[in-house]
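Listed here are the chains, written in short residue letters.
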Amino acid sequence: MLKPFIKSPSFLKNHLHLLFFSSKSNYSASESPFSSLISKVIDVLSGDPHWPRNPELNRVAPALRPHHVSNIINTHKNTDTALRFFYWISRRHFYKHDMDCFMSMLNRLVRDGIFAPADHVRILMIKSCRNEEELKWVTEYLNGITANGVFGFTLYSFNTLLLQLGKFDLVTLAHNVYTQLLSSGVKPSLLTFNTMINIFCKKGKVQEAMLVFSKIFQFDLCPDVFTYTSLILGHCRNRNLDKAFEVFDRMVKDGCDPNSVTYSTLINALCSEGRIDEAMDMLEEMTEKGIEPTVYTYTVPIRSLCDVGRVDEAISLLRSMRERGCSPNVQTYTALISGLFQGGKMEVAIGLYHRMLKEGLVPNTVTYNALINELCAEGRFGIALKIFYWMEGRGTLANAQTYNQIIKGLFTMDDIDKAMIVFNKMLKDGPSPNVVTYNTLIVENLKRGYRNNAMRFLDMMKESGCEPDERTYCELISGFCKGGKLDSATTFFCEMVQRGISPNQWTYTAMIDGYCKEGKMDVALSLFDRMEEDGCSPSIETYNAVISGLSKDNRYVEAEKFCAKMTQQGLQPNTITYTSLIDGLCRNGGTDLAFKIFHEMEKNNCLPNVHTYTSLIYGLCQEGKVDSAERLLQEMEIKRLVPDEVTFTSLIDGFVLLGRLDHAFVLLRRMVDMGCKPNYRTYNVLLKGLHKECQLLTERVMAQNETLYGCSSDEKVSTFELIGNLLLRLSENGCEPTIEVYNTLVSGLCREGKSYEASQLVEDMKEKGLSPSMDILCSLLVAQCKNLEVDSALGIFNLLAVKGIKPYLSIYKVLICALCRSSRVEEAQSLFHSLLEEKWNSDLIVWTVLIDGLLHEGQSDVCMKFLHLMESRNCALSLYTYLSLARELSKVRKSSETNKISKENRQLSVPS
């Protein structure tokens, strides 16, 4: 039965388009340009027998669209002329039929009983399908117009439809068409059977293919090389190489000679199974039989040889390939380039890339990804970026993998701004960011302590429809636990479970470790029990986290029980296990027992590490046994264990506590000579010793002169004098103060909020001819902003500008916020103007300065003012940033309203 009312997707789209515009027009359809164009063409076709050469038709033809042509075919009086016009317009370079045109032409030909041309149009229609949906629609439509039996499928049209269905892997639909052919009375050809066998075998459906294979003989046909090769492919897809070789042997026995595709299929399968040597033997057999290998035949073994590190053999195979007159293609070069990189032959790989270009081969996305990935892995980010920008310039489509590699590379270079620009380009122009993109952004922000930004990327991820995976939550939980944000980590943990993602060893261990470090042992132990109940076996890292927490909490008996439980589970205590026990005991005055465990550890061939010795040194120093502790330092050196800053600081602190300051400075010199850099705690310990020394000296002077003297009546001067004394003693002990020493001291003082002493130290530096680094200046600026010493902070900011140093975005944030808190909003706005001129990523500016800065401090009006300023300068912001800003503004205003109501309630509650 004819089904003229089936409409294609493009028809519906055009119909809606016409409806939309017709509702807005002020003239009738007869007056529209649409109708006028169609009328002109129909007039030419009707009035001029030589219409293909008509100048007016050739003039208006470029304006014709498929919906015009469809209308002309439907309305022209003469079917033959309509068909000729259908073919004529299809040959124009500017035009391509859509499914509506084919449907209009086919409907008309079938209606008029012109079946031979109709069959040709039907075949063209099938071949013109561009995707699965179109082909499904066409199959349904063609079945509809052949249902009455008048216009049945021919063998050619059946085979064409099967081939096209195979191209789009529509197996079920193809099988339906095949069944329809067998029951239609049309005699199938070998092409019919081969096509169906190949469709099944590509999907590994060998049993179904064998049923079709049996039909070949029923129709007195013989299988050919294509038939057997398809069956071999099916067995290879199922990784059943024994069966594949059985088919190969039968093929040869039946007198059917294998071709290059047959051999290539088997060689490919052998390589996929890691049987590379057998694949190479087959390649040799192939050439001995005079069958010329194709580029595909060579490329798979070359890739496999590279994958297993046999790069030299791969290069040798490339030479052999060239000698036989077979030129490598892009895939061949890509496999070799990747293999050379992995084999540490980076320069050769780059050379091969240039040779590829000289030979006129255009690298594809896979080639560029291989280059960019390997260059990034080697730390050659500059070259990787050049290739990426060259790709963009040449219009080569980079995929999500390319962008992900570049984003990761930019973060490794610490160029967060450029990484965000690349990410925004993905959001704007594609390809769409995937789970790897978002995970990279989350991980890199967590590494830098930007937890708010990590949460923003999680929100963006969810809002874009990209589902967070196990790694997303693992990284967030681990990152927030390390930052001491256990409440947020717990929220992520619960959200993960709600989304149906089971917590793994890593997730549970991160949570348990976080609670242990916070001293919340009961929660940690409860979580450990839940882990076991969920069937997730605790790892040695999980046990070590619990043992460490219990030991520090002075719950040694429970820690021992966990050690025993761990052993029962087949996990042997390692260095970290023993060190955790030792550290806990040493912190709680159990040094003697700690040494017993230390000796047991050595007896069990578990070698102590730096942390083990550091714990013991700390314990001995707390008990005043500093000489014994120093002997442990010598023992470490004998065992070639390099003490770190914690080891030395613990020992120095021990000598300071006993008033042996001179020896403490000797140890500091030893520390520096060993290449171990003192940290602020090291210097603070020495300052404590100097302060104690100053007090003792004052007391002696008081006792001798019976007069009240002090180090200084001004605490700030006193602290600075102590620092000056420290620097002098460092020089006397051969540790001349360097920029690094000043940097450590200034940063430490700033963290303690001692901006005055820090600025005095910076001035002292300058007097000694040392130029403060950017880190020193930025630390001081932040401390001054916290103390609202805004003029001093502005002075440092201007100094950075004079030196040509681009301050971090966080520096702008603290300075702008400090100016606003000091009611100097105009200066803050001026500074914000200069920030916008630096071309920072707009989203980062909003996140850092407006949300985390101004809104966090309740400056919502200034925030909105600055946002309007950004918009007036055409700063492009993502939709997510606007949504995030709206949410944060809502929170601030709600909080403000709550505070206002609370204040009013308090006023009302005061009795008059």
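Residues numbered from 1 in each chain as written. Predicted model: local features only at pLDDT ≥ 70, side-chain atom pairs only at ≥ 80, totals over all residues. Heavy atoms only, no water.

Under an unreviewed UniProt entry, the name given to the protein chain is Pentacotripeptide-repeat region of PRORP domain-containing protein, and the organism recorded is Manihot esculenta.

Visitor: Please give an account of the overall build of the protein chain that cites residues and values.
Guide: Assigned secondary structure in the protein chain consists of 49 helices and zero strands. Computed over the C-alpha atoms, the radius of gyration of the protein chain is 39 Å, more than 25% above the 29 Å expected from 2.2 N^0.38 for a compact globule of 912 residues. Along the longest, intermediate and shortest principal axes, the C-alpha atoms of the protein chain span 130 × 80 × 65 Å. Across the 912 residues of the protein chain, 48% fall into the buried class. Pairs at least 24 residues apart make up 63% of the contacts formed inside the protein chain by residues separated by at least 6 positions. When the accessible surface of the protein chain is split by element, carbon and sulfur atoms take 52% of a total near 45,300 Å². Here the protein chain contributes 100 positively and 106 negatively charged side chains, and the mean placements of these two sets differ by 7 Å. (Helix = DSSP H or I, 4+ residues; strand = E, 2+ residues; numbered from the N terminus. Rg over C-alpha atoms; globule rule 2.2 N^0.38 Å. Buried < 20%, exposed > 50% of the residue type's maximum accessible area, 1.4 Å probe, protein only. Contact = heavy atoms within 4.5 Å. Areas by Shrake-Rupley, 256 points an atom, 1.4 Å probe, with all protein chains shown as cover. Lys, Arg positive; Asp, Glu negative; His and termini not counted. Charge placed at Lys NZ, Arg CZ, Asp CG, Glu CD.)

Visitor: An account of the confidence of the model for the protein chain is requested, with residue identities and associated values reported.
Guide: Per-residue confidence for the protein chain averages 88 on the pLDDT scale, and 92% of its residues sit at or above 70. Note that residues 1-31 has pLDDT below 50 and, in this model, 30 contacts with residues that lie over four places away or in other chains. The low-confidence segment residues 707-717 (pLDDT under 50) makes 15 contacts with residues lying over four places distant or belonging to another chain. (pLDDT = per-residue confidence, 0-100.)

Visitor: Quick one: what's the story with the side chain of Ser747, residue by residue and with numbers?
Guide: Relative to the assigned elements, Ser747 resides in helix α41 (residues 739-751). With a relative accessible area of 15%, Ser747 lands in the buried category. At a separation of 2.8 Å, a polar atom in the side chain of Ser747 contacts the main-chain carbonyl oxygen of Asn743. Only 3.4 Å separates the side chain of Ser747 from the side chain of Ser779, close enough to count as a polar contact. (Polar contact = N/O pair within 3.5 Å; in protein donor to acceptor, adjacent residues only side chain to side chain.)

Visitor: Lay out unusual backbone geometry in plain terms, naming residues and giving numbers.
Guide: That bond from Gly430 to Pro431 is cis: its omega, -5°, falls within 30 degrees of zero. Mapped onto the secondary structure, Pro431 falls in the loop between α24 (416-429) and α25 (435-447). Although it is not a glycine, Asp169 adopts a positive phi angle of roughly 60°. With respect to the element layout, Asp169 can be found in the loop between α9 (155-167) and α10 (171-184). Overall, Asp169 belongs to the partly exposed group, its relative accessible area being 37%. If you check the backbone angles, Asn874 has positive phi at about 60° while not being a glycine. Here Asn874 shows up in the loop between α48 (860-872) and α49 (879-909).

Visitor: Residue-level account of the nonpolar core, with values.
Guide: The tendency in soluble globular proteins is for nonpolar side chains to be buried side by side. The biggest cluster of nonpolar side chains holds 284 residues, and the ones touching the most others in it are Phe85, Met125, Ile816, Phe832 and Leu850. Apart from residues no more than four positions distant in its own chain, Phe85 is found in contact with Val41, Leu45, Trp51, Leu57, Leu64, Val69 and Ile72. (Core = buried A, V, L, I, M, F, W, Y, C linked by side-chain atoms within 4.5 Å.)

Visitor: A description of helix α7 (residues 115-127) should follow, citing residues and the corresponding values.
Guide: With 13 residues, α7 should reach 18 Å at 1.5 Å per residue; the first-to-last C-alpha distance of 18 Å fits that figure. Residues of α7 that are buried in the fold lie against α5 (79-90), α6 (99-111), α8 (132-145) and α9. (Expected span 1.5 Å × (residues − 1).)

Visitor: Run through the packing of helix α18 (residues 311-323) against helix α19 (residues 330-342), naming residues and quoting values.
Guide: Here α18 crosses α19 at 155°, and the two axes come no closer than 10 Å. The pairing of α18 with α19 is recorded here as roughly antiparallel in orientation. The hand of the α18/α19 crossing is left-handed. Contact residues: Val311, Ala314, Ile315, Leu318, Met321 and Arg322 in α18; Thr332, Tyr333, Leu336, Gly339 and Leu340 in α19. Here the residues of the contact of α18 with α19 are counted per class, giving eight nonpolar, two polar and one charged. (Axes fitted to C-alpha atoms, helices over the stretch in contact; angles between N-to-C directions. Parallel < 35°, antiparallel > 145°, perpendicular 65-115°, else oblique. Left-handed = near helix turned anticlockwise from the far one by under 90°. Nonpolar A, V, L, I, M, F, W, Y, C, P; charged D, E, K, R; others polar.)

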